[in-house]
Amino acid sequence: MRSNRKELLNTLLEYQFACIELNLYLDNNPDDEQALRSYNTYSCKFMQAKRDYEDEYGPLTNFGYVPDSYSWQWVCNPWPWDNEFYR
């Protein structure tokens, strides 16, 4: 796996983790405006990182998120766990 691919995937996972944690926090603290701003910031960063990764390496999921008439293209790339990075 190229270094840039690993870096993009790690960035994507970091932003996803932040979104999940902030979402859980906001479930119990819905009036925390700073947390909501942070959630919105990380959500935008997550979506951009996802677009960057998918533009370079192909879709991360097999349906629902890639506006493409060739939805089967996801099977043409190795799965993330098929790369040496995960072994």
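Residues numbered from 1 in each chain as written. Predicted model: local features only at pLDDT ≥ 70, side-chain atom pairs only at ≥ 80, totals over all residues. Heavy atoms only, no water.

### Things to note about the overall build of the chain
Then, in step 1: Per the secondary structure count, the chain includes two helices and zero strands.
Then, in step 2: Each of the 87 residues in the chain was classed as buried or not, and the buried ones make up 22%.
Then, in step 3: Pairs at least 24 residues apart make up 51% of the contacts formed inside the chain by residues separated by at least 6 positions.
Then, in step 4: Here the chain displays about 6,500 Å² of accessible surface, and carbon together with sulfur accounts for 52% of that area. (Helix = DSSP H or I, 4+ residues; strand = E, 2+ residues; numbered from the N terminus. Buried < 20%, exposed > 50% of the residue type's maximum accessible area, 1.4 Å probe, protein only. Contact = heavy atoms within 4.5 Å. Areas by Shrake-Rupley, 256 points an atom, 1.4 Å probe, with all protein chains shown as cover.)

### Comments concerning the packing of aromatic side chains
Ring pairs (aromatic) are described by centroid distance and by the angle formed between their planes.
Then, in step 1: This structure, assessed with the given rule, holds two aromatic pairs.
Then, in step 2: Centre to centre, the rings of Tyr15 and Tyr42 are 6.0 Å apart; their planes meet at 50 degrees, and the pair counts as tilted. Of the two residues, Tyr15 sits in helix α1 (residues 3-28) while Tyr42 sits in helix α2 (residues 33-57), which places them 27 residues apart along the sequence.
Then, in step 3: Exposure remark for Tyr42: the relative accessible area of 31% places this residue in the partly exposed category.
Then, in step 4: In this arrangement the basic side chain of Lys45 is found over the ring face of Tyr42, its NZ or CZ atom lying 5.5 Å from the centre. (Phe/Tyr/Trp six-rings, centres within 6.5 Å; stacked < 30°, edge-to-face > 60°. Lys NZ or Arg CZ within 6 Å of the ring centre and 35° of its normal.)

### Things to note about the environment of Glu14
Then, in step 1: As for its position among the elements, Glu14 is in helix α1.
Then, in step 2: Judged by relative accessible area, which is 51%, Glu14 ranks as exposed.
Then, in step 3: Counting along the chain gives 31 residues from Glu14 to Lys45, while the straight-line C-alpha distance between them is 10.0 Å.

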